Amino acid sequence: MEKNDDILKLLLEEDEKSFNLREFINKLLHHWYWFVLTIAIGVGAAFLYNKYTPPIYEVTSKLLVKDKNDGGVSLGGMFDRFPMRSSVNLANHIGILTSYNLNSEVIQQLGWYVSWYRKMPLGNFDLYGREPFHVTFDPNDSNLENVPVFIVPVDTTSYIAKVDASIYLGGQPFDIQFETKGKYGEKFENNYFSFTINKSIDVGGEADFFVFNNLDNLTRRYVGSVSVSSVDEEANLLSVNISGNNPKREIDFINTLSEVYRNYSLRERNQISVNTINFIDQQLNAVVDTLKTTSDQFTNYRSSNRVYDLSQKAEIIMQKLNELDKRRSMAEMQLSYYEDLKTYMADGEKMKNITFPSVVGITDTGLNNLVLKLSELYGRKESLSYSLQAKNPTLVVVDRELEYTRKSLQENLNNLVFNTQRELDALNRQIYQVNSQLSDVPKTEQDLVNIKRMVDLNNDLYNYLLEKRAEAQITKASNLPEIEVLDPAQFATVTQIGPRTTINLAMGLMFGIFLPLFVIVMVDYFDDTIHSKEHLQELTTVPVVAEIIRSKFKESIPVIKYTRSVIAESFRKLRTNINYLQKGDNRNIIAVHSSVPGEGKTFVSANLASVMALNNKKVVLIGADMRKPTLHQYFNLKNDIGISTYLIGHNRLDEIIKPSGVENLDVLLCGLIPPNPADLLASDEFVALLNELKTRYDYIVIDNSPFSLVTDAAIVSKIAGVNLFVARQGYTHKKMIELLNYNIQQYDMHRVGIILNDINPKKYGSYATSYSSYVQNSLKSGSGYFDDNTKVKNGELV
């Protein structure tokens, strides 16, 4: 149990190390102005977008799809047993409503050859229904399509037509620019356009323009825009939706689409009736001529031969022949129908014009159902092909059903043809047998019987066809469209769906929040530098002896003049904490190192030595960085002599010790840059120099070379009693701290401390944040603990 608690504790500590919430929040607060700026930009952009973007409206219409067996009068005749269509298939209706051909018919019926717009900052405003001018043109004239033509009124009689556009003609880019004056009511014509502008009630402006529409492109756009869906699985209701910038345009389109589809569905329902009537009319024309001829022949024969009545035997024979003739005529008609059907069933267009089987007296249920199904499948394939590709799975399924239905119908027709042919042969034999009985009847009666047979046969066929034609006409008249408009598109049901004001403002706000947050997180993620004391403590066990606040003064050594400043207090704290590290013979030799140049070791050395001197201690500051010395610049001294010239015997010690201008503080510069700094620092003379200085001064502060670049610092670190390493906030990389740990272990250094320099508490957030807040409050309140404005001049506070 204790082991689990230890593991949990370690995990929590690891999480705390990996993410410091307080530090992260401080970083965000430090960049508050970025959040304010980006939020203002984001919300402002969203506001302008909402204001200047043309609104988007959604227009809706609701359609009821009736069952194909409803809406007609019950005739009790040939169409009741064999319905023209099956039950409702909403997928077919959706496919037809979104088809190219139907939408193209709608566009042409609306006459949208020209469209007017008003140019706006974030899009063009559709002026449909409020056109400033009327454009007329001859369809035979050529006008460039989709090229904006700006019409600017000049006075009550004239206008200026302006065009500035780039188009492609013949695959090549072409610039069109002109500005020509025209008159209202007169034809405007040039190389590109030919039209007439007529004034409307509304007056146009400089931003109004019109384009000649490409109807094919416009149709494709509406095919992609219109949305048709089922309202409910249990109901035959369709919802037709479309969105656009002008609600009147979309209302007109939806209502016209509904009307065009109603007419289309009515034509489809009437197709079989029309086919039946056309077929019967063709048959009637032939029958009428034959009936007239046979009737005249019958009358003439009776008159010329004075034969008016038939004998009883002849009458009986004639009745039998009439009955057989009717049956043979019907069989021949049915056989002809079968042959035509076998020819037509592979062609969808011909199947549209096929006559329904019951018209010719065919009552075979299987045949009627197959003809009905085949006709319906061809219609479904045609409707789906308007909006689907040939390899679409739905069309593939329909093709398979068509193939199966054709095979079934072929087999059925073969059987029917065989049976009908046998029936026809049997009827011919019966007619022959009955005809042989006429040999016992006088010749005049035989001829009269044959003539009257033809009259009666054609008369019965004529009456039969008239009856069927009447039934077809009644069916056509009673048919109603499958589509009923329940809710037409109207302004009362129009809803504005864009721009989404609240959502856009929220997105602008989120943009303003998350953009700087993302940048800060990314910068922090890829930032490998030290930012706080906590970072150092995570990377090393070496104690952090002081945090030096960033200096806001121009002076290189601000602790001398600004003794009550925050930075002076930082160095006094460093001076105090060094006491805990001082042990051994060389405890008063303090070496200040850095990992790389630019971390501020010379700045720390000079100010540390100065703050020690201000504490009435004799201090000497040695510039041991003999490769790139800068210490002389801090005290405005000439770097001509120093420890380099002393160690080679060119100068005496007293000659190289220079006063700093600060009481109790002397400076030993590095002197001329030698070719072998490491050899000089490793010499016995340098050790002897330090021993001599120990007898003269209370503290020796050494400004050393960067530790990671040369071996000079390692040599000095072995002599020093205290080694201080300077790390700079936002500058020193974490890998340098890892290298520091390695160097400490490799050179067996003891009494080591780290100084975190150049802390900007407002920027990164750390312990120094609260400390700096306290300091700033003290400065503002005048409590007397800190005062950055108080400095020392001529030994007095001013």
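Predicted model only: the values in this text are computed from it and were never measured.

Before going further, it helps to examine the overall build of the protein chain. Scanning the protein chain for helices and strands turns up 26 helices and 24 strands. By residue count, 45% of the 798 residues in the protein chain fall in the buried class. Nonlocal contacts in the protein chain, meaning residues at least 24 apart in sequence, comprise 77% of its contacts between residues at least 6 apart. By element, 51% of the accessible surface of the protein chain is carried by carbon and sulfur atoms, the whole surface being about 41600 Å².

This brings us to the sheet that holds strand 15 (residues 544-549). Overall, mixed pairing links the eight strands, which are arranged 15-22-21-16-20-17-19-18 in an open sheet. Lying at the two open borders of the sheet, with one neighbouring strand each, are strand 15 and strand 18 (657-659). The mean inter-strand angle of the sheet, taken between neighbouring strand axes irrespective of direction, is 25 degrees. Direction of pairing for strand 15 relative to strand 22 (residues 752-759): parallel, over a ladder of four bridges.

As a further point, take the sheet that holds strand 4 (residues 133-136). The three strands are arranged 4-9-8 in an open sheet whose pairing can be described as antiparallel. The open sheet is flanked by strand 4 and strand 8 (187-189), the only strands paired with a single partner. Neighbour-to-neighbour, the strand axes of the sheet open up by a mean angle of 35 degrees, direction not taken into account. Of the pairings in the sheet, the one linking strand 8 to strand 9 (residues 194-199) comprises three bridges and is antiparallel in character.

If you look at the biggest cluster of nonpolar residues, it comprises 37 residues, and the most contacted ones within it are Phe571, Leu574, Leu608 and Leu724. Listing elements by their share of this core, those giving two or more residues are strand 15, helix 16 (566-578), strand 16 (589-594), helix 17 (601-613), strand 17 (619-623), strand 19 (665-668), strand 20 (699-706) and strand 21 (722-728). Element by element, the count of residues in this core is highest for helix 17, at eight residues. In this view, Leu574 contacts Val545, Ala546, Val604, Leu608, Leu724 and Ile755; residues no more than four positions away in its chain are not counted. Judged by nonpolar contacts, the second largest core, of 30 residues, contains Leu90, Ile254, Val260 and Ala489.

Opposite charge on two side chains makes pairing possible when the charged atoms of those side chains draw close. Tallied over the entire structure, the rule returns 18 salt bridges. One salt bridge in this structure joins Arg118 and Asp208, with 2.7 Å as the shortest N-O distance. On the criterion of sequence distance, the pair formed by Arg118 in strand 2 (residues 114-120) and Asp208 in strand 10 (residues 208-212) is long-range, its members being 90 residues apart. A salt bridge links Lys187 to Asp141; its shortest N-O distance comes to 3.2 Å. Taken as a pair, Lys187 in strand 8 and Asp141 in the loop between strand 4 and strand 5 (149-153) lie far apart in primary sequence, 46 residues in all. The class for Asp141 is partly exposed, based on a relative accessible area of 24%. One salt-bridge network, in which partners are shared between bridges, spans Arg550, Arg728 and Asp758.

Before going further, it helps to examine a nonpolar patch on the surface. Residues Trp32, Tyr33, Trp34, Val36, Leu37, Ile41, Phe511, Leu515, Phe518, Val519 and Val523 make up a contiguous nonpolar surface patch of roughly 1100 Å² in combined accessible area. Every element with two or more residues in the nonpolar patch is listed here: helix 3 (32-52) and helix 13 (501-526). Sorting elements by how many residues they give to the nonpolar patch places helix 3 first, with six residues. Mapped onto the fold, Val523 is located in helix 13.

As a further point, take helix 13. With 26 residues, helix 13 should cover 38 Å at 1.5 Å per step; its first-to-last C-alpha distance of 37 Å lies within 8% of that length. Turning to helix 13, its buried residues number three or more, namely Asn504, Gly508, Gly512, Pro516 and Ile520. Looking at the packing, one finds that the buried side of helix 13 touches helix 2 (21-30) and helix 3.

This paragraph deals with unusual backbone geometry. Between Gly498 and the following residue, Pro499, the backbone shows a cis peptide bond with an omega angle of -5 degrees. Along the chain, Pro499 falls in the loop between strand 14 (495-498) and helix 13. At Asn146, a residue that is not glycine, the phi angle is positive and equals roughly 60 degrees. Tracing the chain through its elements places Asn146 in the loop between strand 4 and strand 5. Its relative accessible area of 44% is what places Asn146 among the partly exposed residues. Phi is positive for Arg751, close to 50 degrees, though the residue is something other than glycine.

With 12 bridges connecting them, strand 6 (residues 158-169) and strand 7 (residues 172-183) associate as antiparallel partners. Bridge pairing links Ala161 to Thr180 in strand 7. With antiparallel pairing between neighbouring strands as the criterion, strand 6 and strand 7 make up a hairpin whose turn holds two residues, including Gly170 at a positive phi of roughly 65 degrees.

Here we take up the packing of aromatic side chains. This model, assessed by the stated rule, comprises 30 aromatic pairs. The ring of Trp112 has Arg249 sitting right over it, with the charged end atom 4.8 Å from the ring centre. Over the ring of Tyr697 we find Lys618, and its NZ or CZ is 5.4 Å from the ring centre.

Before going further, it helps to examine the environment of Gly44. Within the secondary structure layout, Gly44 lies in helix 3. For Gly44, a relative accessible area of 28% puts it in the partly exposed group.

So, about the side chain of Asn412. Along the chain, Asn412 falls in helix 11 (residues 393-436). In this view, Asn412 contacts Asp364, Gly366, Leu367 and Leu370; residues no more than four positions away in its chain are not counted.

Relative placement of two packed helices is described by the angle separating their axes and the distance separating the axes. At their nearest, the axes of helix 16 and helix 17 sit 9 Å apart, and the two run at 80 degrees to each other. One way to sum up the angle between helix 16 and helix 17 is to call them roughly perpendicular. For the pair helix 16 and helix 17, the contacting residues are Ile567, Ala568, Phe571, Arg572, Leu574, Arg575 and Ile578 in the first and Phe603, Val604, Asn607, Leu608, Val611 and Met612 in the second. Residues of the contact of helix 16 with helix 17, tallied by class, amount to 10 nonpolar, one polar and two charged.

This paragraph deals with the packing of helix 3 against helix 13. Where helix 3 contacts helix 13, the two axes come as close as 8 Å, and the packing angle between them is 155 degrees. In terms of their interaxial angle, helix 3 and helix 13 are classed as roughly antiparallel. The way helix 3 lies across helix 13 gives a crossing that is right-handed. Here helix 3 contributes Trp34, Phe35, Thr38, Ile39, Gly42, Val43, Ala46, Phe47, Tyr49 and Asn50 to the contact with helix 13, which in turn contributes Thr501, Asn504, Leu505, Gly508, Leu509, Phe511, Gly512, Ile513, Leu515, Pro516, Leu517 and Ile520. Residue classes in the contact of helix 3 with helix 13 are distributed as 15 nonpolar, seven polar and no charged.

Moving on to the confidence of the model for the protein chain. The pLDDT averaged across the protein chain works out to 82; a share of 83% of its residues lies at or above 70. Taken together, the stretch residues 71-86 has pLDDT below 50 and engages in 45 contacts with residues farther than four places along the chain or on a different chain. Low confidence marks residues 794-798, where pLDDT is under 50. Its contacts with residues over four positions away, or in another chain, come to nine contacts.

Rules behind the numbers
Residues numbered from 1 in each chain as written. Predicted model: local features only at pLDDT ≥ 70, side-chain atom pairs only at ≥ 80, totals over all residues. Heavy atoms only, no water. Helix = DSSP H or I, 4+ residues; strand = E, 2+ residues; numbered from the N terminus. Buried < 20%, exposed > 50% of the residue type's maximum accessible area, 1.4 Å probe, protein only. Contact = heavy atoms within 4.5 Å. Areas by Shrake-Rupley, 256 points an atom, 1.4 Å probe, with all protein chains shown as cover. Pairing = 2+ DSSP bridges. Axes fitted to C-alpha atoms, helices over the stretch in contact; angles between N-to-C directions. Core = buried A, V, L, I, M, F, W, Y, C linked by side-chain atoms within 4.5 Å. Salt bridge = Lys/Arg side-chain N within 4 Å of Asp/Glu carboxyl O. Patch = residues over 30% accessible without salt bridge, like charges linked within 9 Å, V, L, I, M, F, W, Y side chains within 5 Å. Expected span 1.5 Å × (residues − 1). Phe/Tyr/Trp six-rings, centres within 6.5 Å; stacked < 30°, edge-to-face > 60°. Lys NZ or Arg CZ within 6 Å of the ring centre and 35° of its normal. Parallel < 35°, antiparallel > 145°, perpendicular 65-115°, else oblique. Nonpolar A, V, L, I, M, F, W, Y, C, P; charged D, E, K, R; others polar. Left-handed = near helix turned anticlockwise from the far one by under 90°. pLDDT = per-residue confidence, 0-100.

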